[in-house]
2 protein chains.
Amino acid sequence: MKTFLDCIPCFLRQSLDAVRMATDDEAAHERLLREVLRATAEMDVRQSPPAMGQYIHRLIRNMTGRSDPYRQAKDRLNRVALDIYPALEERVAGSANPLETAVRLAVAGNVMDLGVISHLAEERILDAVADALEAPLDGDAAALAEAVAGATNILFLADNAGEIVLDRLLIEQLPPRAVTVAVKGSPVINDATMEDAEAAGLTALVEVIDNGSDAPGTILDDCDEAFRRRFAEADLVIAKGQGNYETLSDADQDIFFILKAKCPVIARDLGCPVGSAVLRRSGHAEASADRSDSYATI
Amino acid sequence: MKTFLDCIPCFLRQSLDAVRMATDDEAAHERLLREVLRATAEMDVRQSPPAMGQYIHRLIRNMTGRSDPYRQAKDRLNRVALDIYPALEERVAGSANPLETAVRLAVAGNVMDLGVISHLAEERILDAVADALEAPLDGDAAALAEAVAGATNILFLADNAGEIVLDRLLIEQLPPRAVTVAVKGSPVINDATMEDAEAAGLTALVEVIDNGSDAPGTILDDCDEAFRRRFAEADLVIAKGQGNYETLSDADQDIFFILKAKCPVIARDLGCPVGSAVLRRSGHAEASADRSDSYATI
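Predicted, not measured: the structure shown is a model, and the values here were computed from it.

## Re the overall build of chain A
Per the secondary structure count, chain A includes 12 helices and 7 strands. Over its C-alpha atoms chain A spans a radius of gyration of 18 Å, differing by no more than 12% from the 19 Å that the globule rule assigns to 298 residues. Taken along the three principal axes of its C-alpha coordinates, chain A extends 55 × 45 × 35 Å. Out of the 298 residues in chain A, the part that is buried amounts to 59%. Considering only contacts within chain A whose residues lie at least 6 apart along the sequence, 72% involve residues at least 24 apart. Of the roughly 12,000 Å² of accessible surface on chain A, a fraction of 47% belongs to carbon and sulfur atoms. If you average the places of the 30 positive and of the 49 negative side-chain charges in chain A, the two averages end up 3 Å apart.

## So, the sheet that holds strand 2 (residues 154-157) of chain B
Residue and element names in this part refer to chain B. Strand order in this open sheet of 7 strands is 1-7-6-5-2-3-4, and the pairing throughout is mixed. Each edge of the open sheet is held by one strand with a lone partner, namely strand 1 (137-138) and strand 4 (207-210). Inspection of the sheet shows strand 6 (residues 255-260) paired to strand 7 (residues 277-281) by 5 bridges, in the antiparallel sense. Among the inter-strand pairings, F256 is bridged to a residue of strand 7, identified as R281. Contacting strand 1, strand 5 (236-240), strand 6 and strand 7, helix 5 (residues 98-109) crosses the sheet at an angle of about 55 degrees to strand 6.

## A closer look at helix 10 (residues 225-233) of chain B
Residue and element names in this part refer to chain B. All of the buried residues in helix 10 are F227, F231 and A232. Taken down its axis, helix 10 places every buried residue within 135 degrees of arc, on the same side. Against the buried residues of helix 10 lie strand 2, strand 3 (179-183), strand 4, strand 5, helix 11 (241-248) and strand 6.

## Describing the relation of the copies chain B and chain A
A rotation about an axis combined with a shift along that same axis relates the two copies of the chain. Each copy superposes on the other: chain B lies on chain A with an RMSD of 0.0 Å after a rotation of 180 degrees and an axial shift of 0.0 Å. When the rotation and shift are considered jointly, the pair of chain copies conforms to a two-fold rotation axis. A high fraction, 100%, of the interface residues of chain B reappear at the interface in chain A, so the copies pair face to face through one surface.

## Concerning the packing of helix 5 of chain B against helix 7 (residues 141-149) of chain B
Residues and elements named next belong to chain B. Packing of helix 5 against helix 7 brings their axes to within 9 Å, and their N-to-C directions diverge by 110 degrees. Considering the angle they form, helix 5 stands roughly perpendicular to helix 7. On helix 7, the residues that touch L99, E100 and V103 of helix 5 are A141, L144 and A145. Of the residues that constitute the contact of helix 5 with helix 7, the class distribution is 5 nonpolar, no polar and 1 charged.

## With respect to the pattern of salt bridges
Between side chains of opposite charge, pairing is possible as soon as their charged atoms come close. Tallying each qualifying case throughout the model produces 44 salt bridges over all chains. One salt bridge connects B:D6 with A:R20, and the closest N-O pair in it is separated by 2.8 Å. Separated into two different chains, B:D6 in the segment before helix 1 (7-22) and A:R20 in helix 1 (residues 7-22) make up a pair that spans both. Look at A:R20 and you get partly exposed, because its relative accessible area is 32%. Of the charged contacts, one joins B:D75 and B:R71 as a salt bridge, the two residues approaching to 2.8 Å between their closest N and O atoms.

## Looking at the sheet that holds strand 3 (residues 179-183) of chain A
Residues and elements named next belong to chain A. Pairing is mixed in the open sheet, where 7 strands are placed in the order 1-7-6-5-2-3-4. Whereas interior strands pair on both sides, the edge strands pair on one side only; in this sheet they are strand 1 (137-138) and strand 4 (207-210). Across the sheet, helix 7 (residues 141-149) lies against strand 1, strand 2 (154-157), strand 5 (236-240), strand 6 (255-260) and strand 7 (277-281), angled at about 45 degrees from strand 7, the strand it touches most. Helix 10 (residues 225-233) contacts strand 2, strand 3, strand 4, strand 5 and strand 6 of the sheet and is inclined by roughly 125 degrees relative to strand 2.

## Looking at the interface of chain B and chain A
Reports of interface size often rely on the accessible area that becomes lost once the parts have come together. Opposite the 19 residues of chain B that make contact, chain A presents 19 residues. Roughly 1,700 Å² is buried in total at the junction of chain B and chain A, and carbon and sulfur atoms are behind 62% of that figure. The tally of links between chain B and chain A comes to 4 salt bridges. At the boundary of chain B and chain A, one finds 8 residue pairs in polar contact (both at pLDDT 80 or more). Contributions of two or more residues to the side of chain B that touches chain A are made by helix 1 and helix 2 (26-42) of chain B. Looking at the side of chain B that touches chain A element by element, the count peaks at 9 residues for helix 2 of chain B. Partitioning the side of chain B that touches chain A into residue classes produces 10 nonpolar, 2 polar and 7 charged.

## Describing the confidence of the model for chain A
Residues and elements named next belong to chain A. Averaged over every residue, the pLDDT of chain A is 92; the share at 70 or more is 94%. Low pLDDT, under 50, characterises residues 285-298; the predicted model gives this stretch 19 contacts beyond four residues in sequence or across chains. In the model output, the complex is listed with pTM 0.87 alongside ipTM 0.86.

## Quick word on the packing of aromatic side chains
Evaluation of the coordinates by the stated rule reveals 4 aromatic pairs over all chains. Consider the rings of B:F227 and B:F231, whose centres lie 6.2 Å apart with planes at 35 degrees: the pair is tilted. Residue B:F227 and its partner B:F231 are located together in helix 10, separated by 4 residues, close to a single helical turn. The cationic tip of A:K2 hangs over the ring face of A:F4; the distance from NZ or CZ to the ring centre is 5.1 Å.

## Quick word on the packing of helix 4 (residues 71-93) of chain A against helix 8 (residues 163-171) of chain A
Residues and elements named next belong to chain A. At a minimum axis separation of 8 Å, helix 4 and helix 8 run at an interaxial angle of 20 degrees. With respect to each other, helix 4 and helix 8 are oriented roughly parallel. As for the relative orientation of helix 4 and helix 8, their crossing is right-handed in sense. Residues N78, A81, L82, I84, Y85, L88, E89 and V92 of helix 4 touch helix 8, and the partners they reach there are I164, V165, L166, R168 and L169.

Calculation notes
- Residues numbered from 1 in each chain as written.
- Chains lettered and ligands numbered in written order.
- Predicted model: local features only at pLDDT ≥ 70, side-chain atom pairs only at ≥ 80, totals over all residues.
- Heavy atoms only, no water.
- Helix = DSSP H or I, 4+ residues; strand = E, 2+ residues; numbered from the N terminus.
- Rg over C-alpha atoms; globule rule 2.2 N^0.38 Å.
- Buried < 20%, exposed > 50% of the residue type's maximum accessible area, 1.4 Å probe, protein only.
- Contact = heavy atoms within 4.5 Å.
- Areas by Shrake-Rupley, 256 points an atom, 1.4 Å probe, with all protein chains shown as cover.
- Lys, Arg positive; Asp, Glu negative; His and termini not counted.
- Charge placed at Lys NZ, Arg CZ, Asp CG, Glu CD.
- Pairing = 2+ DSSP bridges.
- Axes fitted to C-alpha atoms, helices over the stretch in contact; angles between N-to-C directions.
- Arc of directions from axis to C-beta.
- Least-squares fit on C-alpha atoms with pLDDT ≥ 70 in both.
- Parallel < 35°, antiparallel > 145°, perpendicular 65-115°, else oblique.
- Nonpolar A, V, L, I, M, F, W, Y, C, P; charged D, E, K, R; others polar.
- Salt bridge = Lys/Arg side-chain N within 4 Å of Asp/Glu carboxyl O.
- Buried area = accessible area lost by both parts, 1.4 Å probe.
- Polar contact = N/O pair within 3.5 Å; in protein donor to acceptor, adjacent residues only side chain to side chain.
- pLDDT = per-residue confidence, 0-100.
- Phe/Tyr/Trp six-rings, centres within 6.5 Å; stacked < 30°, edge-to-face > 60°.
- Lys NZ or Arg CZ within 6 Å of the ring centre and 35° of its normal.
- Left-handed = near helix turned anticlockwise from the far one by under 90°.

Below, the structure is given as structure tokens:
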């Protein structure tokens, strides 16, 4: 997905939120905002929004000298999610359609996105869980079940800390030997890194790799070669969250996107109301047979 | 009031709204947004927000070749307000405290601000009127009544088209020979100009002047000398709307501000919740005796 003009005021608002979270120094807030204004004035809008997100959060880390300003927030989100995990695991196990229930809870986990709102109350997470179990799912869980049954090499692209704990409910519904989970190569916003995959208990369950990138999404050109090979070789990709949708919606691969459509631009691109729980297959299901041949072109 | 960093994302969103209202040309939308990004990157935040508003709307008028893109919208707002005017006039006349009721209705009129939202449904105006009559007024109408009783030279600074029609309810409560109404010198957003004062029937009622400026507020340095003299000579100023508050909150003059606090930055500056109906006297009441002496310093 390209960057829409409507994304730009939102970049500025998010920049201000993020730099205020990283430091109390008001001069730094102003300096950061002016840098982002200069950069957005010249930006290539054919890039996806996470390219600007990557730039902004690198600037904030450089400016504040903090390599991981969201670390405490990530730990808190993981704890909140781990607290509710056992009850949700029972809920999935007792459900008539465990895969669909797990997808719904993975959507609920997607509220834990500190790029969209910088402070997130615990009750908001609990509300999202309750909502996700009741609200309609915009998507076909049976198609996902069928794709999973036919896949031998599933790449699960995680999104955020906290969220990755609820993702585990879905990952547990997949054949463990067929699944690889990918996290970010280094910190950006509250995106999950290897530390969060460990906190979620995923490293003991399935293979976990990192993508070598600090973009808040999956910009393939920015990922390392090992990740790109794994992406190309996967016969099914499950991608969580807005950032992965924004960066991979046009990728030539069979992808199921699972997200809460939190912003009007993405909701319009997906053709759904803001707030929808979305499970959406990419338009490239046919191209998924053996991806390793086309690796060189990625 | 200075420009807060939080105003900047809002400038961008308002710019996009405004240029889309003025033209369907998407290349122009992008060009305008990039110009505004460059300008805000370098802006002096000690200026009040309407200084940037003036710059943005000049750019839009130059870029589109439309000298008054909001003219149709202004006519519509005037018509909507004139339709409800007779019933509101009766309401004021039958009220236990006509001045306070008129102040409340003048606050309601302040929703007709197309700088804050570019499209405004008629029912939203009717809702605002109903709300204003019920909701608490954050301010002391008795202090205004007292100031009016003691004043011989009242300058009423109008804000927007449509709104100026409801302002007439309040202007009718003032001694007609003591009142001068000021409108903008030329079009900016949907701010009222002489044409709107005529549509509201004010020119037949009191003296109406224009301020010689196209800023969406009252930037004294940008107003013509005749207006500045009238401002300095007034022994009471009544200023409508956010733009006038933003530009005159630090002015050395006895001013009653009447507005709906529509944005979080202004609400914080006023110390009230967003959405409040505000009647607020400036801190400079003592300095109001004879202003003509200090004219040269303005």
